[in-house]
Amino acid sequence: SDLFPLPLDLKAVERRLDEQIEAIRKASGQQYSRETLASGYLQIANANMIAPIKRISVARGYDVRDYALMTFGGAGGQHGCAIARELGIRRIVCSPFAGVLSALGIGIADISKFEERTIRRRYRDCFNPTPVGWLLELFEEMEAAAKQRLREEGVGEQSIRPPRRLLDMRYIGQENRLTVAAPEDGDYRKAFEREHEQLYGFTFPGREIEVYTARLELVGSQSDTKTQARPESCAASLKDHAGTTSFYFDGRFQEAALFVGDELSVNDRISGPAIIAEGISTIVVEPGWEATIDESGTISLFDRMPATKHDPVSGPHGFGAAIVERSPASGSRFNEADPIELELFNNHFASVAEQMGATLQKTALSTNVKERLDFSCAIFSANGDLVVNAPHIPVHLGAMSECIRCLCEDIPEMRPGDTFITNDPYRGGSHLPDVTVVTPVFSDDSGSDRHQILFFTASRAHHAEIGGSTPGSMPPFSQSLAEEGVLISCFRFRPDDPSSESALRSLLSGGSDPSRAPDENLADIHAQLAANRLGSRLLLSMVADQGWEKVAAYMEHIQEAAARKIRFALARIPEGRYSFRDELDHGSPISASIEIRHDQSRSEVLGSALIDFEGTGPFLPGNLNANPAITTSAVIYCLRCLIQEAIPLNAGILQPIRVNIPENSLLNPPRYPEPSQCLPIVGGNVETSQRIVDVLFGALKVAAGSQGTMNNLLFGRRSTTSPEENFGYYETLAGGVGAGPDFDGADAVHSHMTNTRLTDHEVLESRYPVRVRRCEIRRGSGGNGRHRGGNGMVRELEFLAPLELSLLTSRRTTQPYGLEGGNPGESGRNLLKRAGETVFRELPGSIQLQVRPGDCLRIETPGGGGYGLAQEGERKQRAGPLPSGRLPAPE
């Protein structure tokens, strides 16, 4: 501490640690020492730094093990060894100016000038097979312009480096572009495909490539400034040092050598454990690492331990493999969860799911996935329990567990290399546009003919076009499941078998109402597969690092922790029965009662609940029927909102819950053998799911009614003479959120069972024949109250071509309810103005019609309900999280 530039208050640190130790002891019974707790916090901090490094590097297609780790900031060197070892990086670079690198960089940075020109031509028009003359002239023109700008800043000709020529390229139909530097052999196509393979794991042989933008970078050196040099030394190793200090590592105190950076010389080598105190940074050299100093003063650390990290890209079947033990025995040494390890595994699993999501978004072809982010990625145990998900779409997540369980029943013999595709809403799916790709993750039991499933990785993405009677695959007036698109009951997909993809294409292109965009479907399925493969590799790497026994135990502990949290949340609600009823726009009721019970037989009060949907209306002839998987997703989401902590959403939340869904109700319709006999369900996923949430929150009075709809807007084109022009577009629109006891509702957001984005106007207008005329908050649409409901939004589109338009919306004849005297929110409105007319006329909530160029559609989405009686002059609060307190008395 004497070498630290600022005084350290050791007593304050010890006092705060003691407070935390006592809080943890009361909550979990676990007793820590100061050192173990501080070490645990350090591990968690490291894990939180490691996760984004993995996510960002994977999203850009880089393997971090091929690079060195650069520490940044005065404290970076204290974390470097632990982070590098977890990432599999063998070298760390520590600048002597680590604490002021930003300032130093600004002072010595080169001057760069960039030029770009939009091209947007097919590859064959730019290369035939070498760059055509106009492209070379374009690069020369850009180079001249960049040189002139450098000269204007005083950079001499001799200081200008050769230019970098780059092209932004993409497959025709893709939105994402890759920047490709000029390859040595001049073959930009091969270089592009190499980049695409590295980033996404596959290419599209034969698909045309578009050259979108030409770029040129020209760099002029501003300064030859060098960092300070250290004195020369010929020492093979450094034994003399400033002293020793106590160093807590690997669960015990160790003696560490202490060095002052100014006294070190070039070629000195320091073996860990050691601490190097620089003037503006501190470097911890952990055991197994060795530090060396070069002539610039930079300290490099090298991992001298044998490489033991699992290679996540090797192994049979292209998924990677790990030799693991069988399931943990009952006497496992990991039967008790360590709170620090629990948090670390939470982070590990969540990071895997987030990296899967980043890969899916970057890889996908469709606007619906890339721009609106209408997809979800998650990890499941071998029996189909949700372990962790990325923060994606709530309506997907509870349903996917049921989907995997049904697959296990249908396919008892799964094999390494298998992936399964399904969208069956009567076997765990949500609705037909939501296509689920499931990949079993196998162990490699060497010498055994039998492979053990350890996990499932799964991704569910909304395909904006999957066939059906209308473009966008969400017909407002469907009378059977067959009218809503192509049903994929359970398709075994093997990417290494060309016949497998041919069979899938035939399935998508067959039937009476096939998909209008099978190429886009296949591209997005490949993207989902790429995400699943990445998750599989990362999970197997975790197993190789931690051991299967420990990983399996903590999968269970994570779910048990979620169950414990929801039991505590339910215990805060007074015992009793809470009920609520709402109606769909046509009058069909959704009714729920929640019976809360407390278990006081233990030292702490724990809660449980029976959620009963008795009183809900019978199944409907239209498409607003939901299935039990959708209903369960809504229940899980509502329960998760009661927990005021950042815990993963997983199957443990349902442990203290029993759910009763009456058979033959609109939440549990009957299934028949043929799709033409099955009830339609496409609207139940998007509309009825929102009402289920409103009913559950209304029963507990934690929030007034939100917009209660996803405001589904679909348009497209289908032509038998020009199939290549067919397309379907789909989006959901934001609205108002209901207010609660302590917060105002949020304005114009996607809420509850949807978590998508609105398509960017530039993307929408560049890819589809529409123009965005208005997109704004619908002021005054939220209900008044002590806390106001959130406002809806207004979206107005002008159509530029003849199209088929469909609207599937609700809360057009009913209003989002207010609570405790709060006013309801405004109903939504759908309006159309034909070309040449001056007045908008009102449309019903669900409609299907033809629009012509110049027609304008305006959608005004509902506002949220208010909470409590408004008092004149009372100061309102802004929106915040759902509260866990101030709950109502039972009936």
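Residues numbered from 1 in each chain as written. Predicted model: local features only at pLDDT ≥ 70, side-chain atom pairs only at ≥ 80, totals over all residues. Heavy atoms only, no water.

*Asks:* Looking at this structure, I do not really get the pairing of strand β16 (residues 419-422). What am I missing?
*Replies:* Residues in a regular strand point their side chains to alternate faces of the sheet. Covered by surrounding structure in β16 are Thr-419 and Ile-421 together with Phe-420 and Thr-422, the residues of both alternating faces. Bridge analysis of β16 against strand β19 (residues 491-493) gives three bridges, and the strand direction is antiparallel. Counted as the bridge partner of Phe-420 is Arg-492 from β19. Examined bridge by bridge, β16 and strand β17 (residues 434-442) share three bridges and lie antiparallel to one another. Bridge pairing links Ile-421 to Val-437 in β17. (Buried < 20%, exposed > 50% of the residue type's maximum accessible area, 1.4 Å probe, protein only. Helix = DSSP H or I, 4+ residues; strand = E, 2+ residues; numbered from the N terminus. Pairing = 2+ DSSP bridges.)

*Asks:* Would you mind going over the packing of helix α8 (residues 339-363) against helix α13 (residues 548-571) with me for this structure?
*Replies:* The relative placement of two packed helices is expressed as an angle between their axes plus a distance between the axes. Running from amino to carboxyl end, α8 crosses α13 at an angle of 95 degrees, the nearest separation of the two axes being 10 Å. Of the possible angle classes, the one that applies to α8 and α13 is roughly perpendicular. In contact with Glu-341, Leu-342, Phe-345, Asn-346 and Phe-349 of α8, α13 contributes Lys-550, Val-551, Tyr-554, Met-555, His-557, Ile-558 and Ala-561. Grouping the amino acids of the contact of α8 with α13 by side-chain chemistry returns eight nonpolar, two polar and two charged. (Axes fitted to C-alpha atoms, helices over the stretch in contact; angles between N-to-C directions. Parallel < 35°, antiparallel > 145°, perpendicular 65-115°, else oblique. Contact = heavy atoms within 4.5 Å. Nonpolar A, V, L, I, M, F, W, Y, C, P; charged D, E, K, R; others polar.)

*Asks:* Is there a simple way to explain a nonpolar patch on the surface in this structure?
*Replies:* A cluster of nonpolar residues, Phe-4, Leu-6 and Leu-8, forms a patch on the protein surface that exposes about 310 Å² of accessible area. Mapped onto the elements of the fold, Phe-4 is located in the segment before α1 (10-28). (Patch = residues over 30% accessible without salt bridge, like charges linked within 9 Å, V, L, I, M, F, W, Y side chains within 5 Å. Areas by Shrake-Rupley, 256 points an atom, 1.4 Å probe, with all protein chains shown as cover. Salt bridge = Lys/Arg side-chain N within 4 Å of Asp/Glu carboxyl O.)

*Asks:* Please clarify how the sheet that holds strand β13 (residues 299-303) should be interpreted in this entry.
*Replies:* Remark on secondary structure: sheet strands pair via backbone hydrogen bonds, oriented parallel or antiparallel. Spatially, the five strands line up as an open sheet ordered β1-β2-β13-β12-β9, and their pairing is mixed. Strands at the two margins of the open sheet, each flanked by one partner only, are β1 (69-70) and β9 (269-271). Relative to β13, strand β2 (residues 91-94) is paired through four bridges, and the arrangement is antiparallel. Looking at β13, one finds that Cys-94 is bridged to Ile-299.

*Asks:* Explain the confidence of the model for the protein chain here, please?
*Replies:* Mean pLDDT over the protein chain stands at 85; residues scoring 70 or higher make up 89%. Below a pLDDT of 50 lies the segment residues 233-237, which in the model reaches eight contacts outside its immediate sequence neighbourhood of four places, other chains included. Note that residues 873-888 has pLDDT below 50 and, in this model, 44 contacts with residues that lie over four places away or in other chains. (pLDDT = per-residue confidence, 0-100.)

*Asks:* I'm lost on unusual backbone geometry in this one. Help?
*Replies:* A negative phi holds for most residues other than glycine; trans holds for most peptide bonds. With omega at -5 degrees, the peptide bond leading from Asn-128 into Pro-129 counts as cis. Take Pro-129: it is sitting in the loop between α5 (123-126) and α6 (133-152). Despite not being glycine, Asp-250 shows a phi value in the positive range, around 55 degrees. Along the polypeptide, Asp-250 turns up in the loop between β7 (243-249) and β8 (252-260). In the Ramachandran plot, Lys-701 falls in the positive-phi region, its phi being about 55 degrees despite a non-glycine side chain. Note on placement: Lys-701 falls in the loop between α15 (682-700) and β24 (712-717). Overall, the relative accessible area of 30% leaves Lys-701 in the partly exposed class.

*Asks:* Could you clarify how one ought to interpret the packing of α8 against helix α12 (residues 518-546) in this entry?
*Replies:* Two elements in contact, α8 and α12, have axes whose closest approach is 8 Å; the angle formed by their N-to-C orientations is 155 degrees. Here α8 is positioned roughly antiparallel relative to α12, judged by the angle of their axes. Every pair of crossing elements has a handedness; the one defined by α8 and α12 is right-handed. When α8 is examined against α12, the residues Phe-345, His-348, Phe-349, Val-352, Gln-355, Met-356, Thr-359, Leu-360 and Thr-363 are found in contact with a partner set consisting of Asp-524, Ala-527, Gln-528, Ala-530, Ala-531, Asn-532, Leu-534, Gly-535, Leu-538, Leu-539, Met-542 and Gln-546. Tallied by class, residues from the contact of α8 with α12 come to 12 nonpolar, eight polar and one charged. (Left-handed = near helix turned anticlockwise from the far one by under 90°.)

*Asks:* Just checking my understanding: could you explain helix α11 (residues 498-509) for this structure?
*Replies:* Quick reminder: α-helices carry 3.6 residues per turn. Residues three or four places apart thus point the same way. Its 12 residues place the ends of α11 17 Å apart at the C-alpha level, agreeing with the 16 Å of an ideal helix rising 1.5 Å per residue. Where the residues of α11 are buried, they touch β16, β19 and α12. One or two positions beyond α11, positive phi appears at Gly-511, with a value near 85 degrees. (Expected span 1.5 Å × (residues − 1).)

*Asks:* Hey, could you run me through the sheet that holds strand β25 (residues 727-731) in this one?
*Replies:* Sheet architecture is open: four strands sit in the order β25-β24-β28-β31, paired in antiparallel fashion. What marks the edges here is a single partner per strand, and that holds for β25 and β31 (846-851). Here the strands of the sheet are splayed against their neighbours by 15 degrees on average, with no regard to which way each runs. The strands touched by α15 are β24, β25 and β28 (803-808); relative to β28, the strand with the most contacts, the crossing angle is about 50 degrees.

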